[in-house]
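What follows is each chain in one-letter form.
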Amino acid sequence: MNKLYIGNVSEEASAEDLETIFEQWKIPHSSPFLVKTGYAFVDCPDEKIAMMAIDILSGKVELHGKLLEVEHSVPKRQRSCKLQIRNIPPHLQWEVLDGVLAQYGTVENCEQVNTDTDTAVVNVRYGAKDQARQAMEKLNGFLMENFALKVSYIPDETAAAAATPPLGGGKRVSVPRGPTRSGSPGLGARPKLQSDVPLRILVPTQFVGAIIGKEGATIRNVTKQTHSKIDIHRKENAGAAEKPITVHSTPEGCSNACRTIMEIMQKEALDTKFTEEIPLKILAHNNFVGRLIGKEGRNLKKIEVDTETKITISPLQDLTLYNLERTITVKGSIEACSRAEEEVMKKVRESYENDVAAMNLQSNLIPGLNLNALGLFPGGAPGMGPSMGHNAPPPGAQGGYSSFGSSSFGGEGPLWASVLSASSQPLSGQGQPESETVHLFIPALAVGAIIGKQGQHIKQLSRYAGASIKISADEVSVVDANQVAPPDGMDTKQRMVIIAGPPEAQFKAQGRIFGKLKEENFFGPKEEVKLEAHIKVPSFAAGRVIGKGGKTVNELQNLTSAEVVVPRDQTPDENDQVIVKITGHFYASQLAQRKIQEILSQVRRQQQPKPSPRGEGPTLARPSRK
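What counts as what
- Along each chain, the written sequence defines residue order, and numbers are assigned to residues from 1.
- It should be noted that, the model being predicted, local features are given only for residues of pLDDT at least 70 and side-chain atom pairs only at 80 or more, the latter also being counted only at that level, while totals for whole chains, interfaces and linings use all residues.
- Where side-chain values are given, they derive from all heavy atoms of the structure, hydrogens and water being excluded.
- Secondary structure elements follow DSSP: runs of H or I no shorter than four residues count as helices, runs of E no shorter than two count as strands, and numbering proceeds from the N terminus.
- Here's how the labels work: a residue is buried when its accessible area is under 20% of the maximum for its type, exposed when over 50%, partly exposed in between, all with a 1.4 Å probe on protein chains only.
- Contact definition: two residues touch when any of their heavy atoms are within 4.5 Å.
- Surface exposure here means Shrake-Rupley accessible area, sampled with a 1.4 Å probe, where a residue is shielded only by the protein chains that are shown.
- Any two strands with at least two DSSP-identified bridges between them are counted as paired.
- To obtain each axis, a line is fitted to C-alpha atoms, and for helices this fit is confined to the stretch in contact; angles are then taken between N-to-C directions over 0 to 180 degrees.
- Pairing of aromatic side chains requires ring centres within 6.5 Å, counting the rings of Phe and Tyr and the six-membered ring of Trp. Pairs whose planes differ by under 30 degrees are stacked, by over 60 edge-to-face, and all others tilted.
- Sitting over a ring, as applied to charges here, requires NZ of Lys or CZ of Arg to be within 6 Å of the ring centre and within 35 degrees of the ring normal.
- Grouping buried Ala, Val, Leu, Ile, Met, Phe, Trp, Tyr and Cys residues that are joined through side-chain atoms within 4.5 Å yields what is termed a nonpolar core.
- A residue's pLDDT is the predictor's confidence in that residue, given on a scale from 0 to 100.
- What makes a salt bridge here is a side-chain nitrogen of Lys or Arg within 4 Å of a carboxyl oxygen of Asp or Glu, nothing more.
- When the sulfur atoms of two cysteines come within 2.5 Å, that pair is taken as a disulfide.
- Here the expected length of a helix is defined as 1.5 Å per residue gap, with one fewer gap than residues.
- By the definition adopted for this analysis, an angle is roughly parallel if under 35 degrees, roughly antiparallel if over 145, roughly perpendicular if from 65 to 115, and oblique otherwise.
- Should the near helix be turned anticlockwise from the far one by less than a right angle, the crossing is termed left-handed; should it be turned clockwise, right-handed.
- Each residue receives one of three labels: charged for Asp, Glu, Lys and Arg, nonpolar for Ala, Val, Leu, Ile, Met, Phe, Trp, Tyr, Cys and Pro, and polar for the others, Gly being one of them.

*Asks:* I'd like a rundown of the overall build of the protein chain, residues and numbers included.
*Replies:* Scanning the protein chain from terminus to terminus reveals 20 helices and 26 strands. Looking at the protein chain residue by residue over its 626 residues, the buried ones come to 50%. When contacts within the protein chain are restricted to residue pairs at least 6 apart in sequence, long-range pairs at least 24 apart make up 72% of them. For the protein chain, the computed accessible surface area is about 31000 Å², with 49% contributed by carbon and sulfur atoms.

See the structure below:
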């Protein structure tokens, strides 16, 4: 990849002009410049220098009044599924990058490129051409932590080989998936040795001795054979009929350990003439159970059919403040239960990873967002690795199992209860963030639950989030105040919650409200909590939110999965503002709100008088670091 394409070249430019620019920036080249109308080509001595030329010149250096565009020269037959993404924030977590890339299709391979730049560079291969094209269009210029991503095609030798079948026929070359990574791209890729989500199972107390073995010999042997760390919580729930076991390992190691434990229990049952069926009981945090079940129970039904098992899940009513895990009971042969465990935990781990990526993405969209202060992860921030699951319940917890999560990801769990003890910390970063006002619509019947006895809940929520929270007197005043029709399909018995505060306060307050509605069963157990939020924007900025021909608002909806509507024929209020409606689950709504605020910030910046240029050469915006 030594050959460069130089685009946006003025018709007045000559090879000598381009050579002067390369000499000025001390970029060597190994061939003369081939100048065409509007573009040019040149060879660099090696890929490292080609990368340096792209980073220094592309979009930063002018020639005859035009900003040059420099990228790898890729023949059309090789413009297939392979992209290079540059200018990635150096400390960005892999989970965040993976989450962003996965929005546009199946990522078959993602590997880091070693460069001398301060920012990270990765080469990505998508599963299909249209996926790569969409990622190219959406991500080029996409801002992450004030770094604008730069995306370009790179030669896809596989595509070229596939386009030219070998003599005598033959199979096309397949590209293996890249290894799973953890950590930060800027610090290099590291293999992920074990799952962040441990396997937790319940076993009958009478079989615990057999699982441990004489002087611990049996459990040591299981640990050694399956390369696992196994904790048997014998002291929990004294006198209980079942004891929890936690297995830390790779997904394969967890499954092997689970199968071995089931075999030990079956052998002990035969030896002791125990005739009752011994089902496999898996513990999973309530946050992930909704997605495990799937819409109308489809996911769970498929697992049952594929594995020839019968699966039941404990009811929501069994949950307590300190025990947020549901019991998934699997009945069938050891072989069938083992296959079911693999599929169940695969779904649980996918849900966890998606939530971590979403949380990290939120923390990038809200500068200084303190994930520990939000109380969404115990003992540390997302990506902390296999330590999850070891935090003991607070003093006085009544026989609960330690769990690896405590948030209402995607509106699936009792966020309100699980983060009561989380401490509120001020937003870090330079300067005080601007306050925002969001109108969130909730069912009128839920007002009592949000306010609480003598206003206790809403006061506590206000203190925790650092926001002003008020609830409108009735739904009629909401319509009058906003000067728009009630939201489409909205129950007329709606009340408006007015939340005022900076981005982090909005995130925390709205998150708890979504979680409280789920916890209090205002939405069904298989139903996702989706609420409508209104934010006001200056009337002159509404067009920017909509975009030409609705392009911006459509992109917002595609990116965030929220419904974003700017009602037509609105009459601006006394502050010359109009309303933008956002409808979706918690993360979709938050992402849409942040993106709209980002557009408004750009509008405000453009209205400010531009300072006179100082200094020479382009400079790259860098985030503040402490």
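*Asks:* For the sheet that holds strand β25 (residues 563–565), give the residues involved together with the corresponding values.
*Replies:* The pairing of strands in a sheet happens through backbone hydrogen bonds and is either parallel or antiparallel. Spatially, six strands are ordered β22-β23-β21-β24-β26-β25 in an open sheet, and the strand pairing comes out antiparallel. Edge positions in the sheet fall to β22 (468–471) and β25, since each of these pairs with one other strand and no more. If you compare each strand with its neighbour and ignore which way they point, the axes differ by 20° on average. Taken together, the four bridges between strand β21 (residues 436–443) and strand β24 (residues 531–538) define a ladder with antiparallel strand orientation. Looking across to β24, one finds that Val 438 is bridged to Ile 535. Helix-sheet contacts for helix α17 (residues 503–519) involve β21, β22, β23 (494–501), β24 and β26 (577–584), and the interaxial angle to β21 is about 5°.

*Asks:* Run through the packing of aromatic side chains, naming residues and quoting values.
*Replies:* One pass over the structure, following the stated rule, counts nine aromatic pairs. Ring centres of Phe 207 and Phe 274 lie 5.5 Å apart, and the angle between their planes is 85°; this geometry places the pair in the edge-to-face category. Taken together, the residues span a long stretch of sequence, with Phe 207 in the loop between β15 (199–204) and α6 (208–212) and Phe 274 in the loop between α8 (251–271) and β18 (280–285) at a distance of 67 residues. Judged by relative accessible area, Phe 274 falls into the partly exposed class, the value being 24%. When the centroid spacing of 6.5 Å and the interplanar angle of 85° are considered together, the rings of Phe 288 and Tyr 352 count as edge-to-face. Here the residue Phe 288 occupies a position in helix α9 (residues 286–293), and Tyr 352 occupies one in helix α11 (residues 334–365), the gap between them amounting to 64 residues. An aromatic cluster of three or more residues is present, and its members are Phe 507, Phe 514, Phe 586 and Tyr 587. The cationic tip of Lys 508 hangs over the ring face of Tyr 464; the distance from NZ or CZ to the ring centre is 4.8 Å. Positioned above the aromatic ring of Tyr 464 is the side chain of Arg 512, whose terminal nitrogen or guanidinium carbon lies 3.5 Å from the ring centre.

*Asks:* How would you summarise the nonpolar core if you had to cite specific residues and measurements?
*Replies:* In this structure, Ile 513, Val 580 and Ile 596 are the most contacted members of the largest nonpolar core, which totals 45 residues. Take this core: its biggest share by element is eight residues, from helix α20 (residues 586–607). For Ile 513, the contacting residues outside a window of four places in its chain are Leu 440, Ile 442, Ile 450, Leu 461, Val 497 and Ile 499. Ile 211, Ala 269, Ile 282 and Ile 328 belong to the second largest nonpolar core, which has 42 residues in total.

*Asks:* Describe the confidence of the model for the protein chain, naming the residues involved and giving the relevant values.
*Replies:* Predicted confidence across the protein chain gives a mean pLDDT of 76, with 73% of residues reaching 70 or more. The spread of mean pLDDT over the elements of the protein chain runs between helix α13 (residues 415–418), the lowest at 29, and strand β19 (residues 310–313), the highest at 95. Across residues 187–193 the pLDDT falls below 50, and counting only partners more than four positions away or on other chains, this stretch makes 17 contacts in the model. Contacts of residues 366–430 to residues separated by more than four positions or lying in other chains number 178 contacts, the stretch itself having pLDDT below 50.

*Asks:* Requested: an account of the pattern of salt bridges, with residues and values cited.
*Replies:* Scanning the entire structure with this criterion turns up 15 salt bridges. Across the pair Glu 325 and Arg 200 runs a salt bridge whose closest N-O atoms are separated by 2.8 Å. Residue Glu 325 is found in strand β20 (residues 325–331), and its partner Arg 200 is found in strand β15; the two are separated by 125 residues along the sequence. Across the pair Lys 536 and Asp 573 runs a salt bridge, and its minimum N-O distance is 3.3 Å. Note that Lys 536 is positioned in strand β24 and Asp 573 in the loop between β25 and β26, a separation of 37 residues in sequence. Look at Lys 536 and you get partly exposed, because its relative accessible area is 30%. Given the relative accessible area of 12%, Asp 573 is considered buried. Via salt bridges that share partners, Arg 259, Glu 335 and Arg 339 belong to a single interconnected network.

*Asks:* Describe the state of the cysteines, naming the residues involved and giving the relevant values.
*Replies:* Such a bond, covalent and formed between the sulfur atoms of two cysteines, is termed a disulfide. Evaluation of the coordinates by the stated rule reveals zero disulfides. Not engaged in a disulfide, the cysteine Cys 258 finds its nearest cysteine sulfur in Cys 337; these two sulfurs lie 8.3 Å apart. A residue is classified by how much of its surface remains accessible, and Cys 337, at 2% relative accessible area, is buried.

*Asks:* Give me the lowdown on α17, citing residues and values where you can.
*Replies:* Along its 17 residues, α17 runs 24 Å from first to last C-alpha, staying within 8% of the 24 Å computed at 1.5 Å per residue. Within α17, 16 of the 17 residues are buried, leaving the element largely enclosed by the surrounding structure.

*Asks:* Would you mind going over the sheet that holds β15 in detail, with residue names and values included?
*Replies:* Pairing is antiparallel in the open sheet, where six strands are placed in the order β16-β17-β15-β18-β20-β19. The two strands at the open ends of the sheet, each matched to only one other strand, are β16 (229–232) and β19. With strand direction ignored, the average angle separating the axes of adjacent strands in the sheet is 25°. Strand direction decides the pairing type here: β16 and strand β17 (residues 242–248), joined by four bridges, are antiparallel. Directly across from Ile 232, in β17, lies its bridge partner Ile 245.

*Asks:* Please provide a residue-by-residue account of the packing of α17 against α20, values included.
*Replies:* Running from amino to carboxyl end, α17 crosses α20 at an angle of 155°, the nearest separation of the two axes being 10 Å. One element, α17, and the other, α20, form an angle in the roughly antiparallel class. In the packing of α17 onto α20, the handedness of the crossing is right-handed. Counted together, Pro 503, Gln 506, Phe 507, Gln 510, Gly 511 and Phe 514 of α17 and Phe 586, Tyr 587, Ser 589, Gln 590, Gln 593 and Arg 594 of α20 form the full contact between these two elements. In terms of residue class, the contact of α17 with α20 is built from five nonpolar, six polar and one charged.

*Asks:* Can you explain unusual backbone geometry? Please cite residues and give values.
*Replies:* Despite not being glycine, His 64 shows a phi value in the positive range, around 55°. With respect to the helices and strands, the residue His 64 is situated in the loop between β4 (62–63) and β5 (66–67). The phi torsion at Asp 569 lies on the positive side, around 55°, for a residue other than glycine. When you line up the elements, Asp 569 lands in the loop between β25 and β26.

*Asks:* Describe in detail the packing of helix α15 (residues 456–465) against α17, supporting the description with residues and values.
*Replies:* At their nearest, the axes of α15 and α17 sit 8 Å apart, and the two run at 145° to each other. For the pair α15 and α17, the crossing hand works out as right-handed. Contacts between α15 and α17 involve His 457, Leu 461, Tyr 464 and Ala 465 from the former and Ala 505, Lys 508, Ala 509, Arg 512, Ile 513 and Lys 516 from the latter. Of the residues belonging to the contact of α15 with α17, the class tally is six nonpolar, one polar and three charged.

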